[in-house]
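Chain and residue survey
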Amino acid sequence: MAEQMKQTAASSLAERYFAAKHHLFDTLYQSMNEKQREAVYTVNGPLLVLAGAGTGKTTVLVNRIAHIIRYGNAYYDDTVPNGLTEANVSALEQSASVMSGEELGQLCESFSSNPCPPWAILTITFTNKAANEMKERLSKVIGEKSADIWAGTFHSICVRILRKYGERIGYRSGFTIYDTDDVKKVILECMKQLNIDDKQLQPRTVMNTISRAKDKLQTPEDFMNEVGSDLRLSQIASIYELYQKQLFDANALDFDDIIMQTVALLKAEEEVRSYYQNRFKYVCVDEYQDTNHAQFMLTGLLSGKYRNLMVVGDDDQSIYKFRGATIENILHFDDTYSDAHIIRLEQNYRSTTNILNAANSVIRNNFGRRGKELWSNAGEGEKITIRKLDNQNEEARYIINKIMDQVIREKRKYSDFAVLYRVNAQSSYLENIFAKSGIPYRLLGGTRFYERKEVKDIIAYLCVINNPSDNLRLKRIINEPKRKIGETTLTALENIAAYEDVTILDAMRNAENYPTLAKSITKLHDFAYMIDALTEISKTEKLSVLFQRVLELTGYMKMLEAAGITEIDRVQNVKELVSNAVAYEEANEDATLSGFLEEVALVSDIDNYDENADAVVLMTIHSAKGLEFPVVFLPGMEEGLFPSIQSAMNPEELEEERRLAYVAITRAKTRLYALHTRERLIYGKTNFNQKSRFLEEIPEEYTNIEIPKSIRQQAAEAEAAANGGTVTAPGDRKKKVTMSKEFFRESDLSAGVGRTQSYDRFTAGDVVSHFTFGRGVILSVREMGADILYEIAFDTVGTKKLMATYAKLRKFDE
DNA sequence: ATGGGGCTGCTTTTT
DNA sequence: GCAGCCCCAT
């Protein structure tokens, strides 16, 4: 009897101890909601976090990692300390309300259970930007220790593994990474060799098919066995085989190889596998909805020993199916990991309820979801503006007017605004009009920096220096600048190289031994020796010195400079490349050529997007994933464009488009404009598109459909206000428009920004000052309709062409 | 070997 | 609309 009493007392003491412990942790993380905390505490075993847009998943990831390092499995640990007394427990119970955050943190350390060193944690993200953000936030929370955490993209982590152990599956160090451009060239070459007509079988299709095969970890043999008697597929299979051989011979990997070969390495080499499996006690994967099968296998392998695998994703934001992402990874995570814990984050901290309700109503039309409804207590907010414009230029002007209006009236920053569109092709007209407006903007996407010819050329030189087998890159630069080494000589070189089983560069060094090269011996020797000399320099000198020498010795800079003004942009780009190399050198103590080339191969434009720059940002919806903006414009919400014409037939693709629409809507915090036009010029054709079905899916209660005033109405107003000035709408028809006394107004068809009643006229040579660009000198003046196009050399931003009505120039006075 | 001119064909999203 | 390709003339 007495024994029993004692036990009850002990267990209730233990219960109180656990309750107090939990309460202390809950207080420590009181800025988070219950679900978020649950995710932080759940450190052991497979964990799936379904995190809707804006639900604070990065916060969860960062805090969970910090928690693992400091406290381990403290929260769910069920051991009761020895000699627990009533006094201990009451002390704990009272601590939460009296302690500071720091003291609480200290106290909680006493509950630690298997805390984990930072080097045993791996976090995988999708973009470098996300990886950097993760590292930054981690270093804020846990300080220096964060440097030891492995945080990177799938590709950067795999490259790191391959650099270390790739030799075990036949890759030499210093391997090259081929981008889509390179891949296409190799594919075309393979097709030519195999006598497959590139008109009957599109290289694009071949590339995609091979890429999908690699996502599924299919080797050329696997693929060959699977295709059966299908002619097209067996053609692709033979291309795949040859392609893979060519890449391997060039010591090169494409993007898909980086993942696939790492998986192959981990599967084949027990020693390597157990090295990483022992090392990584905790593995976290962000954006899990965008992973493919190979990446699924990879995370499974890396976390294989401890099985502490956390994946975070949102099935509703899966928008990369087209490049092999399988939403099944997230939909079936709990099939594979039957003991998986699942947590849903549904409280949104980003947007107003009107925006969220609109997003929810759109995504609800998709089947095959895990089901999730975002909510927020940010208040109802403004309704979504839906507006029809006449054409894409009016649409762009509408956007500019709204931005200028809100910058002036609401004191918003330019960086509060984002213009998000479906296809990059939309960027050109937007950019044109933005450029004229004088509004600072940044355009992401389009031709990327590292895809520019001159940049790729210089990189190609460095690749050849780094990897002499890289024949593709060698061919790119062998005659750039012109060295009079043409098609004939090159073919001869390739034949010799293949026959002798040496590199093209070797064949060049030994040119004198081959009659077919007789005419070019000196030219070939010169080139090979130049590469040799640069290779020597690369071994002893710093990266920045190597860069200078490459520009000099190859004659590349001279070639650009000789071309004069027409190539001035290219000179700039090359210089920017050099400064990137210098920056890389400064940021990395052990800066190597391989390392730099690797970074170059794996960065994207979005990684360089600087959130601090005060500029409107223009980009595709895909690039905007993970970002948020107070005000978002969605131009081109039209059938045929969004959803795109090619998805209309296919229900699955249509669902992906709808998810993309969901991503687009949920980028906005407080204000959203969805725009569509009567006619649209795109890809050189004018289309008359219906309003997008996604807009029809938003209930009226959340939207405000703006009706433009009719032209007649405007004319009447103009009559009434006799003090108005005459302006001409860009493009055409003179009409009278009232100019308001206000700084500017939005008038529906004319749409101009800052059309003051009159503006000064300048002539070439005048010194002017601009709202954002500052001081500049007028270079040229051109009448354009009723407007004037000024070319102005600004002190800070270089030469720009601005329309007088938008630029709002003032005479410069000291 | 090179450079220009004209033509075709392709345009969804990108680590 | 435009990039990249091919063919032809130098």
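Rules behind the numbers
Residues numbered from 1 in each chain as written. Chains lettered and ligands numbered in written order. Predicted model: local features only at pLDDT ≥ 70, side-chain atom pairs only at ≥ 80, totals over all residues. Heavy atoms only, no water. Helix = DSSP H or I, 4+ residues; strand = E, 2+ residues; numbered from the N terminus. Buried < 20%, exposed > 50% of the residue type's maximum accessible area, 1.4 Å probe, protein only. Contact = heavy atoms within 4.5 Å. Areas by Shrake-Rupley, 256 points an atom, 1.4 Å probe, with all protein chains shown as cover. Phe/Tyr/Trp six-rings, centres within 6.5 Å; stacked < 30°, edge-to-face > 60°. Near = heavy atom within 4 Å. Polar contact = N/O pair within 3.5 Å; in protein donor to acceptor, adjacent residues only side chain to side chain. Nonpolar A, V, L, I, M, F, W, Y, C, P; charged D, E, K, R; others polar. Arc of directions from axis to C-beta. 1 Å grid on protein atoms, 1.4 Å probe; cavity = no way out; pocket = protein on both sides within 12 Å on 5 of 7 lines; lining within 4 Å. Points joined across faces, edges and corners; volume = space filled by probe spheres on them. Pairing = 2+ DSSP bridges. Axes fitted to C-alpha atoms, helices over the stretch in contact; angles between N-to-C directions. Lys, Arg positive; Asp, Glu negative; His and termini not counted. Salt bridge = Lys/Arg side-chain N within 4 Å of Asp/Glu carboxyl O. Core = buried A, V, L, I, M, F, W, Y, C linked by side-chain atoms within 4.5 Å. pLDDT = per-residue confidence, 0-100.

**Here we look at the overall build of chain A**
Within chain A, the regular secondary structure consists of 33 helices and 24 strands. Across the 814 residues in chain A, those meeting the buried criterion constitute 54%. Long-range contacts, defined here as pairs at least 24 residues apart, represent 74% of the contacts in chain A between residues at least 6 apart. If you sum the accessible surface of chain A, you get close to 37,400 Å²; carbon and sulfur atoms cover 49% of it.

**Considerations on the packing of aromatic side chains**
A ring pair, where both rings are aromatic, is described by two values, the distance of the centres and the angle of the planes. Per the counting criterion, the structure on display carries 29 aromatic pairs. Geometrically, the ring pair formed by Tyr171 and Phe175 is edge-to-face, given 6.4 Å between the ring centres and 70 degrees between the ring planes. Per residue, the accessibility class of Tyr171 equals that of Phe175, and both read buried. Here Tyr398 and Tyr673 contribute two aromatic rings whose centre-to-centre distance is 6.1 Å and whose plane-to-plane angle is 75 degrees, an arrangement assigned as edge-to-face. Within this pair, whereas Tyr398 is found in helix H18 (residues 392–409), its partner Tyr673 is found in strand S14 (residues 668–677), the two being separated by 275 residues in sequence. Since its relative accessible area comes to 2%, Tyr398 is described here as buried.

**Side note on the protein's contact with DNA strand B**
Neighbouring residues of DNA strand B: 26 residues in total, closest Phe126, Arg204, Arg422, Asn479 and Gln646. Within 4 Å of the protein, the atoms of DNA strand B are drawn from sugar and phosphate moieties in a proportion of 67%. Within the side chain of Asn479, an N or O atom sits 2.5 Å from a phosphate oxygen of DNA strand B. Residue Gly486 places a main-chain N or O atom 3.2 Å away from a phosphate oxygen belonging to DNA strand B. When contributions to the surface near DNA strand B are tallied by element, the ones reaching two or more residues are helix H22 (487–500), helix H29 (621–624) and helix H30 (651–665). When residues of the surface near DNA strand B are assigned to their parent elements, the largest contribution, three residues, is made by H22. Residues of the surface near DNA strand B, tallied by class, amount to six nonpolar, 12 polar and eight charged.

**Thoughts on helix H13 (residues 270–279)**
When H13 is considered as a whole, its buried residues turn out to be Val272, Tyr276, Gln277 and Arg279. Along H13, the residues classed as buried sweep out an arc of 165 degrees about the axis, all on the same side. Contacts from the buried residues of H13 go to strand S3 (150–153), helix H7 (154–165), helix H12 (255–268) and helix H14 (293–302).

**Details of the layout of surface pockets**
Volume-wise, the second largest pocket comes out at about 1,200 Å³. Elements represented by at least two residues in the lining of the second largest pocket include exactly helix H8 (180–193), helix H11 (231–249), helix H21 (471–477) and H22. Considering each element in turn, the lining of the second largest pocket owes the most residues, seven residues, to H22. The residue inventory of the lining of the second largest pocket, partitioned by class, reads 13 nonpolar, nine polar and 10 charged.

**Things to note about the sheet that holds S3**
Here we have six strands laid out as an open sheet, ordered S3-S2-S6-S7-S1-S8, and parallel in their pairing. Taken across any chain shown, the strands that pair with only one partner, and hence form the sheet edges, are S3 and strand S8 (341–345). Taking the axes of each pair of neighbouring strands and ignoring which way they run, one obtains an average angle of 15 degrees across the sheet. As paired strands, strand S1 (residues 47–51) and strand S7 (residues 309–313) are joined by four bridges and run parallel to one another. Each bridged residue has a counterpart across the sheet, and for Leu50 the counterpart in S7 is Gly313.

**Overview of the environment of Thr703**
Relative to the assigned elements, Thr703 resides in strand S17 (residues 703–706). Taking relative accessible area as the criterion, Thr703 reaches 9% and is therefore assigned buried.

**Points about the side chain of Asp77**
By the secondary structure assignment, Asp77 is in the loop between helix H3 (57–70) and helix H4 (86–98). The buried charged residue Asp77 lacks any salt bridge partner; its closest oppositely charged side chain belongs to Lys21, at an N-O distance of 4.8 Å. Setting aside residues up to four positions removed in sequence, Asp77 forms contacts with Phe18, Lys21 and Ser113.

**As for the sheet that holds strand S9 (residues 384–389)**
Ordered in space as S11-S12-S10-S13-S14-S9-S17, the seven strands form an open sheet in which the pairing is parallel. This sheet does not close on itself; its edge strands, each paired only once, are strand S11 (441–443) and S17. Ignoring which end each strand starts from, the neighbouring axes of this sheet average 20 degrees apart.

**Section: unusual backbone geometry**
Geometrically, the link from Glu480 to Pro481 is a cis peptide bond, its omega value of 0 degrees lying close to zero. Relative to the helices and strands, Pro481 is located in the loop between H21 and H22. In this chain, Phe642 is followed by Pro643 through a cis amide linkage whose omega measures 5 degrees. Locating Pro643 in the fold gives a position in the loop between strand S13 (629–634) and H30. Positioned with a positive phi, Leu217 is a non-glycine residue whose angle comes to about 65 degrees. Mapped onto the secondary structure, Leu217 falls in the loop between helix H9 (203–215) and helix H10 (220–227). Residue Leu217 is classed as buried on the basis of its relative accessible area of 15%. Of note in the backbone geometry, Lys484 takes a positive phi value of approximately 60 degrees without being a glycine. Within the secondary structure, Lys484 sits in the loop between H21 and H22. For Lys484, a relative accessible area of 71% puts it in the exposed group.

**Quick look at the pairing of S1**
Counting buried positions over the five residues of S1 gives five, a clear majority of the element. Going residue by residue along S1, you find Leu47, Val49 and Ala51 tucked away on one face and Leu48 and Leu50 tucked away on the opposite face as well. Where S1 and S8 come together, five bridges link them in parallel fashion. Opposite Leu47, over in S8, you have His341 as the bridge partner.

**Let's talk about helix H19 (residues 427–437)**
Residues of H19 that are buried include every one of Ser427, Tyr429, Leu430, Ile433, Phe434 and Ser437, and no others. One face of H19 carries all of its buried residues, which in axial projection span an arc of 170 degrees.

**Things to note about the side chain of Glu656**
The residue Glu656 is located in helix H30 in this model. On the basis of relative accessible area, Glu656 is assigned to the buried category, the value being 11%. Excluding anything up to four places from it in sequence, Glu656 contacts Ser318, Ile319, Tyr320, Lys321 and Phe322.

**Some thoughts on the nonpolar core**
If you look at the biggest cluster of nonpolar residues, it comprises 67 residues, and the most contacted ones within it are Ile187 and Tyr276. Leave out the neighbours within four places in its chain, and Tyr276 touches Trp150, Ile161, Lys164, Tyr165, Leu266 and Leu302. Counting residues in hydrophobic clusters, the runner-up holds 52 residues, among them Phe527, Val550, Leu560 and Leu597.

**Side note on the pattern of salt bridges**
Pairs may arise between side chains of opposite charge once their charged atoms sit close together. Under the defined criterion, the tally for this structure stands at 56 salt bridges. Of the charged contacts, one joins Glu86 and Arg16 as a salt bridge, the two residues approaching to 2.9 Å between their closest N and O atoms. With Glu86 in helix H4 and Arg16 in helix H1 (residues 2–28), this residue pair connects regions lying 70 residues apart in the sequence. For Glu86, a relative accessible area of 43% puts it in the partly exposed group. Assessed through its relative accessible area of 28%, Arg16 is described here as partly exposed. Lys57 is the salt-bridge partner of Asp286, the closest N and O atoms lying 3.3 Å from each other. Of this pair, Asp286 sits in the loop between strand S6 (282–285) and H14 while Lys57 sits in helix H3, and the two are 229 residues apart along the sequence. When salt bridges with common partners are traced through the structure, they connect Asp179, Asp181, Asp182, Lys456, Asp470 and Arg473 into a single cluster.

**Details of the confidence of the model for chain A**
Summing up the model confidence of chain A, the mean pLDDT is 85 and the portion of residues at 70 or higher is 89%. Mean pLDDT across the elements of chain A bottoms out in strand S19 (residues 734–736) (29) and peaks in H13 (97). The low-confidence segment residues 722–758 (pLDDT under 50) makes 79 contacts with residues lying over four places distant or belonging to another chain.

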